[in-house]
Amino acid sequence: MRSGSALLCGIGGICRFFYFLFIYAICSFKFISLCGLAIMKRRDFLAAAAASAIPLACRPKPAFPFPGELVGPDLPLGHWLRGGAFPDPDRFEPVSVLIVGGGVAGLSAGWRLAGAGLEDFQVLELEPEPGGTSRSGRNHVSPFPWAAHYLPVPDRGNHAVLRLLKECGVLEGFDAKGEPVFAEEATARAPEERLFAYGQWWEGLYLRAGASVEDERQYHAFFREVDRWAAFKDAQGRPAFSIPRSRCSDAPEARALDSLSFAVWLDGHGFSSPRLRWLLDYACRDDYGSRLDTTSAWAGIFYFAARKQGPGEDSRPLLTWPEGNGFLIDHLRRSCGDRLRCGVMATSIRPDTDSLLVTAWDATNQRRLGWRAKRVIFAGPQHVARHVVEGLATVRPAMTRIRNAPWLVANLTLRSRPKESGFPLAWDNVLRDSEALGYVVATHQSLRDHGPTVWTWYRPFTGPDCDAERARLRAMDWPACARMVMDDLRPAHPDLEGLVARLDVMRWGHAMVRPAPGLLWDPDFLALSKPHGAIHFAHTELSGLALFEEAQDHGLRAAEEVLAAYGRRERSWR
Amino acid sequence: MANSIPEGPLPTPTLKAPLLFLSVLLIASCGLIYELVAGTLSSYLLGDSVTQFSTVIGVYLSAMGLGSWLSKFLHRGLARRFVDLELAVALVGGFSAPILFMAFAHTHAFRVVLYGVVMAVGTLVGLEIPILMRILKDQVRFKDLVAGVLTLDYIGALFASLLFPLLLMPKLGLVRTSLLFGLLNAAVGLWSTHLLQSQLGPTRMIRLRCAVVMALLAVGLVFAGKFTLAIEEEIFADEIVYAKDSAYQRIVLTRGRGSFQLFLNGNLQFSSADEYRYHEALVHPAFAVRPGAKRVLICGGGDGLAVREVLKHPAVQEVVLVDLDPGMTDMARNQPMVRQLNGAALDDPRVKVINADAMVWLQETPGPPFDLAFVDFPDPNTYALGKLYTSRFYRILQRRLTDDAVVAVQSTSPLMARQSFWCITATMEASGLKVRPYHLAVPSFGVWGFALASKRDFEVPAHVLPGLRHLSDEATAAMFAFPKDMERVPVEVNRLDNQVLVHLYTREWRRWS
Ligand SMILES: Cc1cc2nc3c(=O)[nH]c(=O)nc-3n(C[C@H](O)[C@H](O)[C@H](O)COP(=O)(O)OP(=O)(O)OC[C@H]3O[C@@H](n4cnc5c(N)ncnc54)[C@H](O)[C@@H]3O)c2cc1C
């Protein structure tokens, strides 16, 4: 009885409260907007409360209210190669140079050959679109990257990249000090990065808020160490770290870094600050798909030191485009013109008297093709070369030391942008407490700050065993991928689901070579760049580092080897 | 508990019970007014009115609960306590608005003071009714007592809640309302010394106290009125006549003292009292450099006021206005006050309105070049606005201009945000423009700056359109001279990849707020 009447009183109190609020609202000039606000807040609140109140495990697996699909790379076609035994085509077309692979390396080789006036070449690309891991896509909202999305501004010694950027109109000239000047629209627009931590967004990737004095000291000490390496020059005047790595010194003190993991190196230097280690681990995951303990210390320092403008100076600014490095691919493919054959997979390469016989499968037209080539530039990955080039594996056992991390990349097309607080939407948006790397906003560089956009979300699979990780990725269907993406972003964007118009997923099985300790300066590994008879090799993984500049450098090197074999004495573009 | 109170016949009343009931009505009104004052004040000062009102009402009601509970610890001399209580409520409640204003202006602990005051008033108000009921319990039958007291309590609340927005807020403002009701509370105290005389004993001292409190409040009413009026009217006197949350911003129109104002996200965009100064200065100098211009571009300026000035030039054949927000251009077309102010400029057949991000539109939409361009964006306080002040923006703009075209850019205050102002000039120069900055006083903004620019060198304009309200030839020439405190300072160029202006701007304006 008593508790009953007390309850009634309580309810009366609540009613009284709302009565007051109601009177206020009616009397206020802001009645309408107030109600709107209240309703909106309430809806957000209910959604957020509902999402967080139910434990993850017992929530029914949501059927997403948006469509999407798994897109290439063409796994069945690629894996078909392993089966071997393809019957020969009816005829072998003669060609001077055949380039296998239309990624950065292959297209750069074509660019170089065309630049030297060697016009008789073909580029075979198994996917319907060229670009490999620098491919891009496009929909009604924006173009967007499928993987590689930026390029650090090259230093003045990086002739190949400067030449390319000049051709695409991105390099505008040189200033009074001889430093290159780049088009403003291609340099990553501020704000560049932000970090989600403690329930809100912060400027930059290194979380300054709440850092202890010791954190700050270690942060500065680490970058002093980087500066020391950035200043290093060997007896021949070569820097320890530079991009591409073919310009790096092979001095023993620098090379020695490669024998340690980055984690061990950091321990040895007393770098224990969790914030610093988070940042460095993030760098390893972002650039190499590996972790502190599976990355060579040489690669770990390379990431920072090679991008410095000079000791004590800032990192070089970045160049980016809405479609990511697909912008550069577009330029390179134009230089190859109709010599680029997409949807065509090289199935075997074998020597025949004074030339090479190449067989291929044209997936679009479902027919066998063949070429009789004087020289071949194999610009696909080594795990493919093993199956395509007869007898290669036996003479080059070091091939098997290359380990590629798988990645999942998702493109989310959004009807509009989520509401959020803290530092505003940047180009690169990283969640601290996440296995993924966050997302890049395609419309940032095209200056669209309102309305629909496309976010490219990245997730490397960083477990120590690449094969196991690859099997895990391959087992994921679209709903599983979509769930992984949405679960990852929910803490930062609880209202995202209602804004997604579609979500497309790319599963990269062999996305990125891992610079494991001991790989980068191993002589057998380095020898993989050497030609095998008339077959030349080009691919970013031959550097042990997945970067545009490395892929381009190998493409140019291979093309110049071919030009030299043809007796052309050309000035190097490298 | 309730049923333990005997319901039998009562002794003949010694108190004037019906009149005491009337005081319930008054104190209930006072109680609600204090609550409304605190709620309104906090939501005006802190924004987010739903949160402010909810928390203030919540704290207030729970404090009343606390007061009611505490009442059981008062045993003797209830009548005397009641009068003291009224005086205490009168003081704390009456001075609550001035106290809160001072706290907001002079301390960093506004919220602490706010909830402290609300707690105090609520607790005191919560004590009132239980004590009064106990005083009356021997005079009136319990069921009549409860019915009477609560009825009047609620009626008093209704009374106050209608009075407050309709009469008190518009006529008196917050400070005087709270002081006035404090006075009323104290008057109830004084009056109670008469009504409760039989239970009070000697009343001289008590009445003296009442008089002192009332005098304090009266003095407050006279003087406080004077020195708080300024702030108060600035913030509240203006009535909101239009408010809309568009997809991009909150658009608010307020009206007061013969003029009206437009706010975007709380930032003043114009006051109808002096916007002519701003828009004449934005538009006519450029026309003076490039008379006979036919095709005119306006970026931003969705209020239509710049268009109004542009259309004063008879040679103009086409005006393209690119403003992000349809909510803004719709308001400029349809809201009667704004429409009257811009002379229905957006409906002129020469005017074409495009709702798009000006930078994206300029970059992606081809079309014949413009002879004149006016760039009238909100100040660069976000990155999305900051991009509209970058060298990239000015380059894209130039591609859409004839070779002898002239551009005028609103470029914030050279006095309040000196570095930002010169950063805009330097950025325009870096994009290849020849720039001549100028400024004038717009009372509701302060000293305001613009930049006149062209791809070619040009002279400061000598003759402006005759018949304007502010600009004359002399006034125009004067705008181009910069006194010492606004002289050029060296600053970095605002580029897309550094957006230095957003940092400069927020830092400079923080000093003034
Ligand atoms: C998720 C992700 C993000 C990245 N982000 C960046 C970045 O931001 N910046 C950066 O510089 N780098 C980035 N990279 C590194 C990127 O890999 C390199 O920049 C570059 O694209 C590598 O080019 P490549 O030509 O060496 O190799 P690939 O891109 O692997 O190209 C090889 C091509 O060969 C084709 N091919 C393979 N086998 C055959 C066959 N049998 N027949 C015909 N064609 C065949 C493939 O389809 C592919 O197109 C990223 C990589 C990934 C996976």
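About the cut-offs
- Positions within a chain are numbered from 1, following the residues in the order the chain's sequence is written.
- Chain A is the first chain written and ligand 1 is the first ligand written, with later ones labelled in order.
- Selection of residues for local features in this predicted model requires a pLDDT of at least 70, selection of side-chain atom pairs for listing and counting requires 80 or more, and totals for whole chains, interfaces and linings are taken over all residues.
- Where side-chain values are given, they derive from all heavy atoms of the structure, hydrogens and water being excluded.
- Lines fitted to C-alpha atoms define the axes here, with helix axes fitted over just the stretch in contact, and angles between the N-to-C directions of these axes take values from 0 to 180 degrees.
- Secondary structure elements are taken from DSSP: a helix is a run of H or I of four residues or more, a strand is a run of E of two residues or more, and numbering for both begins at the N terminus.
- Convention used here: angles under 35 degrees read as roughly parallel, angles over 145 as roughly antiparallel, angles from 65 to 115 as roughly perpendicular, and any remaining angle as oblique.
- The contact criterion used is simple: two residues touch if any of their non-hydrogen atoms lie within 4.5 Å.
- Amino acids outside the nonpolar list (Ala, Val, Leu, Ile, Met, Phe, Trp, Tyr, Cys, Pro) and the charged list (Asp, Glu, Lys, Arg) are all regarded as polar, and Gly is one of them.
- The predictor reports its confidence for every residue as pLDDT, a score running from 0 up to 100.
- The start and end points of each domain follow an automatic or database-based domain assignment.
- The buried area of a pairing is the accessible area, by a 1.4 Å probe, that goes missing from both parts when the two are put together, added over both.
- By definition here, a salt bridge exists when the distance from a side-chain nitrogen of Lys or Arg to a carboxyl oxygen of Asp or Glu is within 4 Å.
- Throughout this document, a residue counts as near a molecule or strand when at least one of its heavy atoms sits within 4 Å of that molecule or strand.
- Definition of a polar contact: a pair of N or O atoms within 3.5 Å, with one able to donate and the other able to accept a hydrogen when the atoms are protein atoms, and with sequence-neighbouring residues admitted only if both atoms are side-chain atoms.
- Surface accessibility follows the Shrake-Rupley procedure with a 1.4 Å probe radius. Residue values consider only the protein chains on display as shielding.
- Strands are labelled as partners when DSSP assigns at least two bridges between them.
- Here's how the labels work: a residue is buried when its accessible area is under 20% of the maximum for its type, exposed when over 50%, partly exposed in between, all with a 1.4 Å probe on protein chains only.

A. Fine view of the packing of helix 5 (residues 159-167) of chain A against helix 18 (residues 548-565) of chain A. Residue and element names in this part refer to chain A. Between helix 5 and helix 18, whose axes approach to 10 Å, the crossing angle comes to 100 degrees. The angle between helix 5 and helix 18 places the two elements in the roughly perpendicular class. Where helix 5 abuts helix 18, its residues A160, V161 and L164 lie against F548, E549, Q552 and L556. The class makeup of the residues in the contact of helix 5 with helix 18 is five nonpolar, one polar and one charged.

B. Region of the structure containing the confidence of the model for chain A. Residues of chain A with pLDDT of at least 70 account for 87%, and the chain-wide mean is 89. Note that residues 25-60 of chain A has pLDDT below 50 and, in this model, 23 contacts with residues that lie over four places away or in other chains.

C. Looking closely at the domain arrangement of chain A. All names here are of chain A. With domains assigned, chain A is organised as domain 1 (56-72 + 404-513), domain 2 (86-127 + 352-402 + 516-565) and domain 3 (214-316). For domain 2 and domain 3, the distance between their C-alpha centres works out to 31 Å. The interface is formed by 15 residues belonging to domain 2 together with 20 residues belonging to domain 3. Of the roughly 1400 Å² buried between domain 2 and domain 3, counting both surfaces, carbon and sulfur atoms make up 64%. The tally of links from domain 2 across to domain 3 stands at zero salt bridges. Mapped by element, the contributors of at least two residues to the side of domain 2 that touches domain 3 are helix 17 (523-526) and helix 18. Counting residues per element, the side of domain 2 that touches domain 3 draws most heavily on helix 18, which supplies three residues.

D. Up close: the site of the ligand. Residues and elements named next belong to chain A. Around the ligand sit 37 residues in total, of which A105, E125, T133, S134 and F548 are the nearest. V104 is positioned with one of its backbone polar atoms (N or O) 2.9 Å from an oxygen atom of the ligand. Within the side chain of T133, a nitrogen or oxygen atom sits 2.6 Å from an oxygen atom of the ligand. Within the complex, 94% of the 990 Å² of free accessible area of the ligand lies under protein. Residue assignment for the shell around the ligand shows that the elements contributing at least two residues are helix 4 (104-115), strand 3 (121-125), strand 13 (344-352), strand 16 (404-414), strand 20 (500-513) and helix 18. The residue makeup of the shell around the ligand includes at least three contributed by each of domain 1 (56-72 + 404-513) and domain 2 (86-127 + 352-402 + 516-565).

E. Seen up close, the sheet that holds strand 16 of chain A. Residue and element names in this part refer to chain A. The strand order across the open sheet built from eight strands is 1-20-16-19-18-17-9-10, with neighbouring strands paired in mixed fashion. For this open sheet the edge positions go to strand 1 (70-71) and strand 10 (200-203), each flanked by a neighbour on one side alone. Both strand 16 and strand 20 contribute to a ladder of ten bridges, which runs antiparallel. If you follow N411 over to strand 20, its bridge partner there is D504.

F. Here's a closer look at the domain arrangement of chain B. Considered domain by domain, chain B is made up of domain 1 (12-230) and domain 2 (267-510). The gap between the C-alpha centroids of domain 1 of chain B and domain 2 of chain B is 53 Å.

G. Just the pattern of salt bridges, in detail. Counted according to the given criterion, the structure contains 53 salt bridges over all chains. One salt bridge connects R395 of chain B with E184 of chain A, and the closest N-O pair in it is separated by 3.4 Å. Here R395 of chain B is found in helix 16 (residues 391-399), whereas its partner E184 of chain A is found in the loop between strand 8 (180-182) and strand 9 (193-197) on a different chain. Among the residues examined, R395 of chain B registers a relative accessible area of 32% and is labelled partly exposed. With a closest N to O distance of 2.4 Å, R448 of chain A and E364 of chain B form a salt bridge. Linking R448 of chain A in the loop between helix 14 (442-445) and strand 19 (453-460) with E364 of chain B in helix 14 (residues 358-364), this pair reaches from one chain into another. Classification of R448 of chain A by relative accessible area gives partly exposed; the value is 28%. Judged by its relative accessible area of 43%, E364 of chain B falls in the partly exposed class. In this structure, a network of salt bridges that share partners links the residues R189 and D449 of chain A together with D357 and K387 of chain B.

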